[in-house]
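One-letter residues, chain by chain:
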Amino acid sequence: MTARDGRPMKSGQRRFALALVVVLAGTLPALAKAPPESFADLAAKLLPSVVNISTTQTVRSDSGNRPEIPRFAPGSPFERFFREFFERQQQNPMPRQRVTSLGSGFVIDATGVIVTNNHVIAEADKIAVILSDKTRLDAEVIGRDAKTDLALLRIDPGGKTLSALKLGNSDGTRVGDWVIAIGNPFGLGGTVTAGIVSARQRDINAGPYDDFIQTDASINRGNSGGPMFNLAGEVIGINTAIFSPTGGSVGIGFAIPSNLAGPIIDQLLEFGRARRGYIGVRIQTVTDDIAQGLGLPDASGALVTSLAEGGPAARAKVEVGDVILAFDGKTISEMRSLPRIVAETEVGREVPVVVWRKGEKRTLNVTLDEFPDDERQVAARTPGEKPGQATVETLGLDLAAITPETRERFNLADDATGVIVVDVKPGSPASEKQIRPGDIIRKVGPEQSDVTEPSQVEAAVESARQAERKTLLVLVERESNQHFIALSVAKG
């Protein structure tokens, strides 16, 4: 070994340099894994388990969609000709059309169970599965779930041996990991593409439980329902959607994570439908203003705005104004994660729920029901009615008690409780938060105390100022929907 000036190193210098190389080699991790030399072996192993799906739907003609008779001058010979032509068309309706669409899927059980997207087979009159060797088999629907866009099909493989794929742990997938997508883009048949995980936990407003893996692996129309693999050959996603202004791949594709799909697949196989956990609450995001109004250290969790009467949360004594911070040991860092976590929890289980109430944490035990077919969740109400009217200058509100007169004036429900907003001063804190006449203020303050007369709102404003809080949290009801609003009480 030589030093930087080119002269030979002394023995002591050589020993130190070698020791340094060994230490560095043992402690510094590789910054990135080298890409595989080829995906060929892995693709050859996986391709036989991926299928193409062809669906046929009968579209019935609608005579109401026929073009209208052109207008001509009265007495024109063309008028009579076209009228007779259109009358003949009405007597001979257009034939029904059969529309074919294509998608992808994969074998999850060697007896003939296929996973795909619900939108691939929705409204189909006939479904066919085409195996990798071009064998075409009729398929029947075992079950489907529109909320997660998953469906299970069954085929009779006859004497053919099917190779089932294994679901992997999508939670272990990291941004930057290599992935492979296999599917049936544009009906071309088994096609392999590769890329990396671009992002995780994407919400694309496709459904209430969005938690997509985003990838730049090429995904196009026809890939829907096909698998996304890690380099171990495990399915870590089900390709479902793309973002594209052109209709083709622009490197932004989305897959349902296997950890979300797995329990749904099991339920579809057992029950033919998804059985989701249900606690019976309506929730909203905790903003910085709301967190400050409730005395929360940071803006996290899910704020309860109403409770389904007799639902699991109501039975467990959850209250409107509680902030759900943890559910079954899982931290609720943002509001949208709670519905998914609840839905994934087994029906009938009793789970601990940590809530923030009146400045402290409390743990309640909630036993989950099954999500009802009727998804309307109506908050329980407490009767109460006292006269009174007042102007709360700080908030810019004219308030009145709910009386027979105000019920009639604002067309309120018979069981409406709280105080009614009669007028809103322009430029006031209430106006800035888009409160409007006819809204009902039901609860106020960090304790979310019920209000039945305007003076209670005035007292809550004064209490907030004395406690040196900048905002007052109010629960507002509008058209049977409730949401929390943090109103500024700072002196102008």
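Refer to the structure printed above.
So, how was this worked out
- Residues numbered from 1 in each chain as written.
- Predicted model: local features only at pLDDT ≥ 70, side-chain atom pairs only at ≥ 80, totals over all residues.
- Heavy atoms only, no water.
- Helix = DSSP H or I, 4+ residues; strand = E, 2+ residues; numbered from the N terminus.
- Buried < 20%, exposed > 50% of the residue type's maximum accessible area, 1.4 Å probe, protein only.
- Contact = heavy atoms within 4.5 Å.
- Areas by Shrake-Rupley, 256 points an atom, 1.4 Å probe, with all protein chains shown as cover.
- Phe/Tyr/Trp six-rings, centres within 6.5 Å; stacked < 30°, edge-to-face > 60°.
- Expected span 1.5 Å × (residues − 1).
- Core = buried A, V, L, I, M, F, W, Y, C linked by side-chain atoms within 4.5 Å.
- Pairing = 2+ DSSP bridges.
- Axes fitted to C-alpha atoms, helices over the stretch in contact; angles between N-to-C directions.
- Salt bridge = Lys/Arg side-chain N within 4 Å of Asp/Glu carboxyl O.
- Polar contact = N/O pair within 3.5 Å; in protein donor to acceptor, adjacent residues only side chain to side chain.
- 1 Å grid on protein atoms, 1.4 Å probe; cavity = no way out; pocket = protein on both sides within 12 Å on 5 of 7 lines; lining within 4 Å.
- Points joined across faces, edges and corners; volume = space filled by probe spheres on them.
- Nonpolar A, V, L, I, M, F, W, Y, C, P; charged D, E, K, R; others polar.

A. Local environment of the overall build of the protein chain. Tallying secondary structure elements over the protein chain gives 11 helices and 27 strands in all. Counting the 492 residues in the protein chain, one finds 44% classified as buried. Intrachain contacts of the protein chain at a sequence separation of at least 6 include 60% that bridge at least 24 residues. For the protein chain, the accessible area works out to roughly 26400 Å², and carbon and sulfur atoms hold 49% of it.

B. Summary view of the packing of aromatic side chains. Within the structure shown, the criterion is met by three aromatic pairs. Each ring, one from F39 and one from W178, has its centre 5.7 Å from the other, and the planes form 55°; the classification is tilted. Highlighted residues: F39 in the loop between α1 (11-27) and α2 (40-46) and W178 in strand β7 (residues 178-183), separated in sequence by 139 residues. Residues F212 and F254 carry aromatic rings whose centres are separated by 6.2 Å and whose planes lie at 65° to one another, so their mutual orientation is edge-to-face. On the criterion of sequence distance, the pair formed by F212 in strand β9 (residues 212-215) and F254 in strand β12 (residues 253-257) is long-range, its members being 42 residues apart. The class of F254 is buried, set by a relative accessible area of 7%.

C. Layout of helix α11 (residues 454-466). Look at α11: 19 Å from first C-alpha to last across 13 residues, which is about the 18 Å you get at 1.5 Å a residue. Buried positions along α11 lie against β21 (389-392), β22 (397-401), β23 (419-424), β24 (440-444) and β26 (471-478). Looking one or two residues past α11, E468 carries a phi angle of roughly 60°, positive in sign.

D. Geometry of the nonpolar core. Counting 34 residues, the largest nonpolar core has I279, I290, V323, I324 and F327 as the members making the most contacts within it. Of all the secondary structure elements, the ones that give two or more residues to this core are α6 (288-294), β15 (302-307), β16 (323-327), α8 (337-344), β18 (350-357), β19 (360-367), β26 and β27 (481-488). Once residues lying within four places of it in the same chain are set aside, the contact partners of F327 are I279, I332, L338, I341, V342, T345, V351, P352, V353 and L368. Judged by nonpolar contacts, the second largest core, of 24 residues, contains L46, V113, L150 and I264.

E. Spatial organisation of the sheet that holds β9. Spatially, β7-β8-β9-β12-β11-β10 is the arrangement adopted by the six strands of the closed barrel, whose pairing is antiparallel. In this sheet, neighbouring strand axes are inclined to one another by 45° on average, regardless of whether the strands run parallel or antiparallel. As paired strands, β9 and β12 are joined by three bridges and run antiparallel to one another. Within β12, the position partnered with Q214 by the bridge is F254. Packing of helix α5 (residues 258-271) onto the sheet brings it into contact with β11 (235-242) and β12, and relative to β12 it is tilted by some 50°.

F. Molecular detail of the pattern of salt bridges. Taken as a whole and assessed by the stated rule, the structure comprises 18 salt bridges. Between D289 and K433 there is a salt bridge, with its nearest N and O atoms 3.6 Å apart. Of this pair, D289 sits in helix α6 while K433 sits in the loop between α10 (429-432) and β24, and the two are 144 residues apart along the sequence. With relative accessibility at 35%, the residue D289 sits in the partly exposed group. Taken together, the shared-partner salt bridges connect D211, R340 and E344 into one network.

G. Layout of the environment of N184. For N184, the position within the fold is in the loop between β7 and β8 (191-202). Note: C-alpha distance between N184 and G226 (42 residues apart in sequence) is 7.8 Å. There is a polar contact of 3.3 Å between the side chain of N184 and the backbone nitrogen of L188.

H. Molecular detail of the pairing of β16. Taken across its five residues, β16 has five buried, putting it largely inside the fold. Two strands pair when backbone bridges link them, and β15 and β16 are joined in this way by two bridges, in the antiparallel orientation. Its bridge partner lying in β16, L303 is registered against V323. As judged from the four bridges shared by β16 and β18, these two strands associate in the antiparallel manner. Bridge assignment links V323 to a residue of β18, and that residue is W356. Note: β16 against strand β17 (residues 330-331), two bridges, orientation antiparallel. What sits directly across from A326, in β17, is T331. Where β16 folds back onto β17 in an antiparallel hairpin, the turn is made up of two residues, including D328, whose phi is positive at roughly 55°.

I. How the structure looks around empty space enclosed by the protein. Applying the stated rule across the entire model yields two cavities of 30 Å³ or more. Only α5 and α8 provide two or more residues apiece to the lining of the largest cavity. No other element matches α5, which puts three residues into the lining of the largest cavity. By residue class, the composition of the lining of the largest cavity is five nonpolar, one polar and two charged. Its volume calculated, the second largest cavity comes out at about 40 Å³. Lining the second largest cavity are E319, V320, G321, D322, W356, R357, K358, P446, E447 and Q448. Partitioning the lining of the second largest cavity into residue classes produces three nonpolar, two polar and five charged.

J. Inspection of the side chain of Q267 at higher detail. Structurally, Q267 can be placed in helix α5. Classification of Q267 by relative accessible area gives buried; the value is 16%. The contacts of Q267, once residues within four sequence positions are left out, are G272, R273, A274 and R275.

K. Examining unusual backbone geometry more closely. The phi dihedral of K358 falls on the positive side, at around 55°, and the residue is not glycine. Note that K358 resides in the loop between β18 and β19. Among the residues examined, K358 registers a relative accessible area of 49% and is labelled partly exposed.

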